[in-house]
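Understanding the architecture of this molecule
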Amino acid sequence: MKNLIAAALATSALSMAGAAECSPQEFELGTVESVQQVQILELLPDVFEHAVKPRTFDELLIRTDDGRTIVLRDEALQRFVEGQRVRLVSSSHGQRVQHQ
């Protein structure tokens, strides 16, 4: 029974390692230079809702390690601060930012 469990764990670990090698996720590292809250403009806004609390997103200015500057808009619940190291992940929907 112990050998069966050990074999199952080894097989699982090998298949996960193989999957990681087959589909590498491309990313690059950078540093947040500034964070600015920007209001989301809607075509037909609910006036009362906007008066109380307008919807916003964070606009991040990020300097990549190779010296490029990128501006990303993040509507997620993540919070970033100036000077923070981040990971820029490429996907089919464009780039997104993650905490490093």
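These remarks concern the structure in this document. Being a predicted model, the structure only gives us computed values, none of them experimental.

**Regarding the pattern of salt bridges**
Counted by the stated rule, this structure contains six salt bridges. Between arginine 85 and aspartate 65 there is a salt bridge, with its nearest N and O atoms 2.8 Å apart. You can see arginine 85 sitting in strand E4 (residues 85-91) and its partner aspartate 65 sitting in the loop between strand E2 (56-64) and strand E3 (69-74), a full 20 residues away along the chain. On the accessibility criterion, arginine 85 (32% relative accessible area) is partly exposed. Where salt bridges share partners, they join Glu28, Asp66 and Arg68 into one cluster.

**Overview of the nonpolar core**
Core analysis: the biggest nonpolar cluster contains nine residues, these being Val32, Leu60, Ile62, Ile70, Leu72, Phe80, Val86, Leu88 and Val97. For this core, the secondary-structure elements that each account for two or more residues are E2, E3 and E4. Not counting the four nearest positions on each side in its chain, valine 97 is found in contact with Leu60, Ile62, Leu72, Asp74, Gln78, Phe80, Val86, Arg87 and Leu88.

**Some words on the packing of aromatic side chains**
Scanning the entire structure with this criterion turns up zero aromatic pairs. If you follow arginine 87 out to its NZ or CZ, it ends over the ring of phenylalanine 27, 4.7 Å from the centre.

**A word on the environment of isoleucine 62**
Positionally, isoleucine 62 belongs in strand E2. Distance from isoleucine 62 to threonine 31, taken between C-alpha atoms, is 5.5 Å for residues 31 residues apart in sequence. Ignoring anything within four residues of it in the chain, the contact list for isoleucine 62 reads Gly30, Thr31, Val32, Glu33, Arg68, Thr69, Ile70, Leu72, Val86, Leu88 and Val97.

Calculation rules
Residues numbered from 1 in each chain as written. Predicted model: local features only at pLDDT ≥ 70, side-chain atom pairs only at ≥ 80, totals over all residues. Heavy atoms only, no water. Salt bridge = Lys/Arg side-chain N within 4 Å of Asp/Glu carboxyl O. Helix = DSSP H or I, 4+ residues; strand = E, 2+ residues; numbered from the N terminus. Buried < 20%, exposed > 50% of the residue type's maximum accessible area, 1.4 Å probe, protein only. Core = buried A, V, L, I, M, F, W, Y, C linked by side-chain atoms within 4.5 Å. Contact = heavy atoms within 4.5 Å. Phe/Tyr/Trp six-rings, centres within 6.5 Å; stacked < 30°, edge-to-face > 60°. Lys NZ or Arg CZ within 6 Å of the ring centre and 35° of its normal.

Scope: geometric values only; no functional claims are made or implied.
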